[in-house]
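Descriptive analysis of the structure
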Amino acid sequence: MMLTIYADQITRRLTYTLSVIFDDRNINFRLVNDVKSFKDAPLPKLAYSEDSIFDEDATLYPSMILFEEELIHHIVEKSNWNGEELLSIDGVSDVLGSIFYVISLYDDFLNEETDEHDRNIGSKSLMFKMKWLNKLVVERWSESFISYIETQNACSLSAAKIPFKVIPTFDIDNVYAYRLKKGWRKYMSIAKDLLKYNKDRLKERKEVLAGLKKDPYDTYEIIEGIANRGFIVKVFWLLGEYGTFDRNVDYDNEEHRRLISEVNEFADVGLHPSYQSNKSRVVLRDEKLRIEEILEKDVANTRQHFLKVKLPYTFADLEKVGFTDDYSLGYADQIGFRAGIARPFVFYNLKENRPSKLKLHPISYMDGTLNEYMELNIDDAIKMVKMLKSEVRTYGGNFVALWHNETIGDYGKWKGWSRVLEETLNKD
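All values reported here derive from a predicted model rather than from experimental measurement.

It is worth spelling out the sheet that holds strand β1 (residues 3-7) at this point. Pairing within the open sheet is parallel, and its 4 strands lie in the order β2-β1-β3-β4. Edge positions in the sheet fall to β2 (29-32) and β4 (59-60), since each of these pairs with one other strand and no more. As paired strands, strand β3 (residues 45-48) and β4 are joined by 2 bridges and run parallel to one another. Pairing of A47 across the sheet is with T59, part of β4. Lying on the sheet, helix α6 (residues 137-153) is in contact with β1, β3 and β4; it crosses β3 at an angle near 115°.

It is worth spelling out the pattern of salt bridges at this point. As enumerated under the stated definition, the model contains 30 salt bridges in all. Among the salt bridges present, the one from D115 reaches R119, with a minimum N-O distance of 2.8 Å. E391 serves as the salt-bridge partner of R140, at 2.9 Å between the closest nitrogen and oxygen. Of this pair, R140 sits in helix α6 while E391 sits in helix α14 (residues 378-395); the two residues are 251 residues apart in sequence, bridging distant segments of the chain. Take R140: its relative accessible area is 18%, and that puts it in the buried class. One network of salt bridges, in which partners are shared, links D24, R25, E139 and R343.

Let us now look at the environment of N377. Looking at the element boundaries, N377 is found in the loop between α13 (367-373) and α14. Judged by its relative accessible area of 43%, N377 is partly exposed. Sequence-wise, N377 and V32 are 345 residues apart; in three dimensions their C-alpha atoms are separated by 54 Å. Within the local environment of N377, its side chain forms a polar contact with the backbone nitrogen of D380, the two atoms lying 2.7 Å apart.

Before going further, it helps to examine unusual backbone geometry. Across the junction of L43 and P44, the peptide omega takes the value 5°, indicating a cis bond. Position of P44 among the secondary structure elements: in the loop between α2 (35-40) and β3. Cis rather than trans, the peptide bond between L311 and P312 has omega equal to -10°. One non-glycine residue, L105, lies in positive phi territory at about 60°. Position of L105 relative to the elements: it lies in the loop between α3 (95-103) and α4 (106-110).

Taking burial as the measure, the 9 residues of strand β8 (residues 164-172) include 7 buried ones, the bulk of the element. Taken together, the 8 bridges between β8 and strand β16 (residues 397-404) define a ladder with parallel strand orientation. Residue pairing across strands places V166 opposite F399, the latter belonging to β16.

Sheet architecture is open: 3 strands sit in the order β5-β6-β7, paired in antiparallel fashion. Lying at the two open borders of the sheet, with one neighbouring strand each, are β5 (76-81) and β7 (92-93). On top of the sheet, α3 reaches β5, β6 (84-89) and β7; it is set at about 85° to β6, its chief contact. Strand contacts of α6: β5 and β6, with the helix running at about 95° to β6, the strand carrying the most contacts.

Quick look at the packing of α14 against helix α15 (residues 418-425) now. Packing of α14 against α15 brings their axes to within 9 Å, and their N-to-C directions diverge by 15°. Considering their axes alone, α14 and α15 lie roughly parallel with respect to each other. Note that α14 runs across α15; the crossing there is right-handed. In this structure, α14 uses I378, D379, A381, I382, V385, K386 and K389 to contact α15, whose residues at the interface are R419, V420, E423, T424 and L425. Across the contact of α14 with α15, the residue classes tally to 6 nonpolar, 1 polar and 5 charged.

Conventions and cut-offs
- Residues numbered from 1 in each chain as written.
- Predicted model: local features only at pLDDT ≥ 70, side-chain atom pairs only at ≥ 80, totals over all residues.
- Heavy atoms only, no water.
- Pairing = 2+ DSSP bridges.
- Helix = DSSP H or I, 4+ residues; strand = E, 2+ residues; numbered from the N terminus.
- Contact = heavy atoms within 4.5 Å.
- Axes fitted to C-alpha atoms, helices over the stretch in contact; angles between N-to-C directions.
- Salt bridge = Lys/Arg side-chain N within 4 Å of Asp/Glu carboxyl O.
- Buried < 20%, exposed > 50% of the residue type's maximum accessible area, 1.4 Å probe, protein only.
- Polar contact = N/O pair within 3.5 Å; in protein donor to acceptor, adjacent residues only side chain to side chain.
- Parallel < 35°, antiparallel > 145°, perpendicular 65-115°, else oblique.
- Left-handed = near helix turned anticlockwise from the far one by under 90°.
- Nonpolar A, V, L, I, M, F, W, Y, C, P; charged D, E, K, R; others polar.

Okay, here's the thing in structure tokens:
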């Protein structure tokens, strides 16, 4: 069965939006702008036009957003269509325009208010203000749109169900708390503990370095155990030059390099581009070459350190140096679905008005968002995880959880938080 959709203009934005809706659901469609071709086409079909010539056909009135080529400040308000809350764009309730507006991160492109790390702020986003951040609105709207077509055409499009999958991911910002730190870094850290008279850390450091106690950040056996349970585990390794926000062990350290290769045996190791790389494509390229030299393979996956994404430049740089997949799409201060979707999708570069070659894998939540930004207790964090997981299970996609090697070992302020991780992995 072939679905025919008419539009007055066939544009990149419209084609992209329909592909997001239909491709992963295995619904075949063609887009035409010739009235005769549309009129002659068999059912099912739909006219995305306000032309009165289609009064006898299934019709959807469009806003202008899918026919524009530039970023424009539209009047965007909450509306209702077909029983679903969605966006009214310049007074027109437009399900296709709503999908594009959210999945293209249109609001984030326009919003110039950022935090101290120059990141978009979740609590300032349109999705947060509309109370949609914890809903897969792109999938809800897509299903509603498909249902509308089926009702208007008295048919079934036999949409494939989008599969649900849990993907645990881990960032390695500090490979160890104490081990492998040499020279001035080691002595500065000791001096800091002495100045604060932190007897517990001084004692712990001594025991770890003497081999009497395991380093608290050495949780790689836990990550391997998760992989052995059948999960596809993604690990992102920071290998930047030392800096204010980039403090991992020296990438030239042989034991460090050996550990990276060992972890790659049971997990898919990608790059955690440094804070500094966000402003330099040369630095980003050098870090890509560095991890590829250590692993002796091409590396295509990334997640930005600090989730530091500047639209569209961060994603454009990743594409230009040869990365194909990024796992950074989420807000640091809020959990939920920044682009209203949990399955991977192609990033649409609104500055260049074209789909890129970079695929984005949205995260559902980050450990630090729950504990540090939202300051939830463990039980409330578990409730949040259950809620988000239920949404993804219902509408399909990947439940991508972001953790760190230093947060999964029930150490320090993370004591007891392994329960939250286990809830994520629970297949019930």
